[in-house]
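# Inside the fold
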Amino acid sequence: MSTEMTALLVVAGVVVVATLATAVLLLVRLVRTRRLLRDAGLPVERQWVFWGAIAYLVLPADLLPDPVFLDDIGVLLLALRSLRSAADRPSAPDG
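Residues numbered from 1 in each chain as written. Predicted model: local features only at pLDDT ≥ 70, side-chain atom pairs only at ≥ 80, totals over all residues. Heavy atoms only, no water.

Looking now at the overall build of the protein chain. Along the protein chain, the regular secondary structure elements total three helices and zero strands. If you list the helices and strands of the protein chain from N to C, you get α-α-α. For the protein chain, with 95 residues in total, the buried portion stands at 25%. Considering only contacts within the protein chain whose residues lie at least 6 apart along the sequence, 64% involve residues at least 24 apart. When the accessible surface of the protein chain is summed, it comes to about 6800 Å², and 71% of that surface belongs to carbon and sulfur atoms. (Helix = DSSP H or I, 4+ residues; strand = E, 2+ residues; numbered from the N terminus. Buried < 20%, exposed > 50% of the residue type's maximum accessible area, 1.4 Å probe, protein only. Contact = heavy atoms within 4.5 Å. Areas by Shrake-Rupley, 256 points an atom, 1.4 Å probe, with all protein chains shown as cover.)

What follows covers the nonpolar core. Grouped together as the largest cluster of nonpolar side chains are 15 residues, with contacts concentrated most on Ala 23, Leu 30 and Leu 76. Residue assignment for this core shows that the elements contributing at least two residues are α1 (3-39), α2 (47-58) and α3 (70-88). The contacts of Leu 76, once residues within four sequence positions are left out, are Ala 23, Leu 26, Leu 27, Leu 30, Ala 53 and Leu 57. (Core = buried A, V, L, I, M, F, W, Y, C linked by side-chain atoms within 4.5 Å.)

This next bit is on the packing of α1 against α2. Geometrically, a packed helix pair is captured by the angle between its two axes and the distance between the axes. At a minimum axis separation of 11 Å, α1 and α2 run at an interaxial angle of 155°. By the angle between their axes, α1 is roughly antiparallel relative to α2. Along this stretch, α1 crosses α2, giving a crossing that reads as left-handed. On α2, the residues that touch Ala 23, Leu 27, Leu 30, Val 31 and Arg 34 of α1 are Gln 47, Phe 50, Trp 51, Ala 53, Ile 54 and Leu 57. Of the residues that constitute the contact of α1 with α2, the class distribution is nine nonpolar, one polar and one charged. (Axes fitted to C-alpha atoms, helices over the stretch in contact; angles between N-to-C directions. Parallel < 35°, antiparallel > 145°, perpendicular 65-115°, else oblique. Left-handed = near helix turned anticlockwise from the far one by under 90°. Nonpolar A, V, L, I, M, F, W, Y, C, P; charged D, E, K, R; others polar.)

Put into structure tokens, the structure is as follows:
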């Protein structure tokens, strides 16, 4: 195997590991955000966003092949942003 091919395989491996690590970190942040919202008593109105993002990450059907986790990262970021915007919105006054 040539050195160029070896270098290409190493770079590809690093990219795959980096995108997978990013997806896992975003998944952890998403779960923590949902838990914080629930513990703070804020209604988590968009349950389907949370569960949809988890399902998209886990299920084998993807827009891009699974060694490239960019689509998974995008879905997780959108779900996290959606939950964060629900937390930032002022709640309705009681009474």
